[in-house]
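Survey of secondary and tertiary structure
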Amino acid sequence: MSIVFHNSDFIKEDDLVIKNSNRALNYGDGFFETIRIINTKPFNFSAHYLRCCFACSVLKLDCTEDEKSLFLLLNKLIKYNNIVNGSAKIHISRSGAGKYLPNSTSADILISSNAATGFEKNTPISLCVFSDETKTKGKVSNIKSANALVSVLGAINAKENGFDNAILMNTEGNCIEATNSNIFLVKNEVVYTPPITDGCIDGTMRTWVIQNFNVIERSIDLMDIRGADEVFVTNAINGITAVGRVERTTFSNFDYSSKLQKQLINLSLGL
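None of these values were measured; they are calculated from a predicted model.

Calculation criteria
- Residues numbered from 1 in each chain as written.
- Predicted model: local features only at pLDDT ≥ 70, side-chain atom pairs only at ≥ 80, totals over all residues.
- Heavy atoms only, no water.
- Helix = DSSP H or I, 4+ residues; strand = E, 2+ residues; numbered from the N terminus.
- Rg over C-alpha atoms; globule rule 2.2 N^0.38 Å.
- Buried < 20%, exposed > 50% of the residue type's maximum accessible area, 1.4 Å probe, protein only.
- Contact = heavy atoms within 4.5 Å.
- Areas by Shrake-Rupley, 256 points an atom, 1.4 Å probe, with all protein chains shown as cover.
- Lys, Arg positive; Asp, Glu negative; His and termini not counted.
- Charge placed at Lys NZ, Arg CZ, Asp CG, Glu CD.
- Core = buried A, V, L, I, M, F, W, Y, C linked by side-chain atoms within 4.5 Å.
- Disulfide = S-S within 2.5 Å.
- Polar contact = N/O pair within 3.5 Å; in protein donor to acceptor, adjacent residues only side chain to side chain.
- Pairing = 2+ DSSP bridges.
- Axes fitted to C-alpha atoms, helices over the stretch in contact; angles between N-to-C directions.
- Phe/Tyr/Trp six-rings, centres within 6.5 Å; stacked < 30°, edge-to-face > 60°.
- Lys NZ or Arg CZ within 6 Å of the ring centre and 35° of its normal.
- Patch = residues over 30% accessible without salt bridge, like charges linked within 9 Å, V, L, I, M, F, W, Y side chains within 5 Å.
- Salt bridge = Lys/Arg side-chain N within 4 Å of Asp/Glu carboxyl O.

What about the overall build of the protein chain?
- When helices and strands are counted, the protein chain shows seven helices and 15 strands.
- Computed over its C-alpha atoms, the radius of gyration of the protein chain comes to 19 Å, within 12% of the 18 Å expected for a compact globule of 271 residues.
- Across the 271 residues of the protein chain, 48% fall into the buried class.
- Of the contacts formed within the protein chain by residues at least 6 apart in sequence, a portion of 68% connects residues at least 24 apart.
- In the structure as shown, the protein chain presents an accessible area of about 13,600 Å², 50% of it carried by carbon and sulfur atoms.
- The centroid of the 27 positive side-chain charges in the protein chain is displaced by 2 Å from the centroid of its 28 negative side-chain charges.

Put into structure tokens, the structure is as follows:
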């Protein structure tokens, strides 16, 4: 039976009780953070912690843990559940009562974990374009909000139409991300990705790519993607995944995505 951390205690998952007054449940008043575990350690942890702090700032929540204490909590949970490779998910929601106007800035924290394999070579995926609903360009769009309905509807639309994932748009018609990942394109050996000011998630794997490679951040439209030499998406769980098709446009060049994913695989193997 899995162990989870809830507020101040490590408890059995079956003993976890979430009250019907929970503000994330009622108002989406919270956020989550998913962290890859590689060789028993949280991968890219500092980037995740910085995003937690940013999310707390945006949602006007008090940070419940500093970086060191949160890292120690994660490591304890990893040991309790015997996780070698896998993931941990941190849920932070506003505690206290209130309706749309809350009466507190304090936060509840829930951390869970799951076992999985390490980073692997990913099969190229197909993407459609989802434009029925769009994301705004505000800071709430940059965090992993408990309200992810645009991503949910985009993922459903992709499945209904036979695609693996969907490209999401902002209110100005720019392509900003996929439903669960950031998006990059390569043109004439130059790598581009949308800026977070366009409304994409400020992804930790996006940050890792930018820190380890020369990337230009600029707005991207559908014509840019169709005319690209290579397209790939990134997230904390899968790493780097090549895109083989965007609707009717196909891609056969996976050089950059393969090189970056190989770096992650080598890191997971300790090479």
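What to know about the nonpolar core
- Phe31, Ile90 and Ile111 are the most contacted members of the largest nonpolar core, which totals 25 residues.
- Secondary structure elements with two or more residues in this core: β1 (3-6), β3 (30-38), α2 (45-59), α3 (67-80), β5 (86-94) and β6 (107-115).
- Sorting elements by how many residues they give to this core places α2 first, with six residues.
- Once residues lying within four places of it in the same chain are set aside, the contact partners of Phe31 are Cys52, Ala55, Cys56, Leu59, Leu61, Ile90, His91, Ile92, Lys144, Ser145 and Ala146.
- Val129, Cys175, Tyr192 and Ile220 belong to the second-largest nonpolar core, a separate cluster that totals 19 residues.

A few points about the state of the cysteines
- Scanning all chains against the criterion turns up zero disulfides.
- Left without a disulfide partner, Cys56 is nearest to the cysteine sulfur of Cys63, which lies 4.0 Å away.
- The cysteine Cys128 is free of any disulfide, with Cys175 supplying the nearest cysteine sulfur at 11 Å.

Some points on the side chain of Asn165
- Looking at where Asn165 falls in the secondary structure, it is placed in strand β8 (residues 165-170).
- With a relative accessible area of 7%, Asn165 lands in the buried category.
- Side chain to side chain, Asn165 and Thr179 meet in a polar contact 2.6 Å long.
- What Asn165 contacts, discounting residues up to four positions off in sequence, is Ile125, Ser126, Leu127, Cys128, Ala158, Ala178, Thr179, Asn180 and Ser181.

Description of the sheet that holds β3
- Reading across from one edge, β2-β1-β6-β5-β3-β4 is the order of the six strands in this open sheet, with antiparallel pairing throughout. Lying at the two open borders of the sheet, with one neighbouring strand each, are β2 (9-12) and β4 (41-42).
- For β5 and β6, the ladder comprises nine bridges, and the chain directions are antiparallel. Considered in β6, the bridge of Ser87 is made with Asn114.
- Sitting on the sheet, α2 is in contact with β3, β4 and β5, with an inclination near 180 degrees to β3.

Some details on the environment of Thr241
- Here Thr241 is to be found in strand β14 (residues 239-246).
- With relative accessibility at 8%, the residue Thr241 sits in the buried group.
- Along the backbone, Thr241 and Thr105 are 136 residues apart, and their C-alpha atoms lie at a distance of 38 Å.
- When residues no more than four places from it in sequence are discounted, the contact partners of Thr241 are Asn122, Thr123, Ile125, Phe232 and Val233.

What to know about the packing of aromatic side chains
- Using the criterion set out here, one finds eight aromatic pairs in the structure.
- Linked through ring pairs, Phe5, Phe10 and Tyr80 together constitute an aromatic cluster.
- Above the plane of the ring of Phe119 lies Arg36, whose end atom (NZ or CZ) is 4.8 Å from the centre.
- Note that Lys259 overlies the ring of Tyr256, its terminal NZ or CZ placed 5.3 Å from the centroid.

Focus: a nonpolar patch on the surface
- Judged by side-chain polarity, Leu149, Val152, Leu153 and Ile156 come together as a nonpolar surface patch covering roughly 340 Å² of accessible area.
- By secondary structure assignment, the location of Leu149 is in helix α4 (residues 149-160).
- Among the residues examined, Leu149 registers a relative accessible area of 53% and is labelled exposed.

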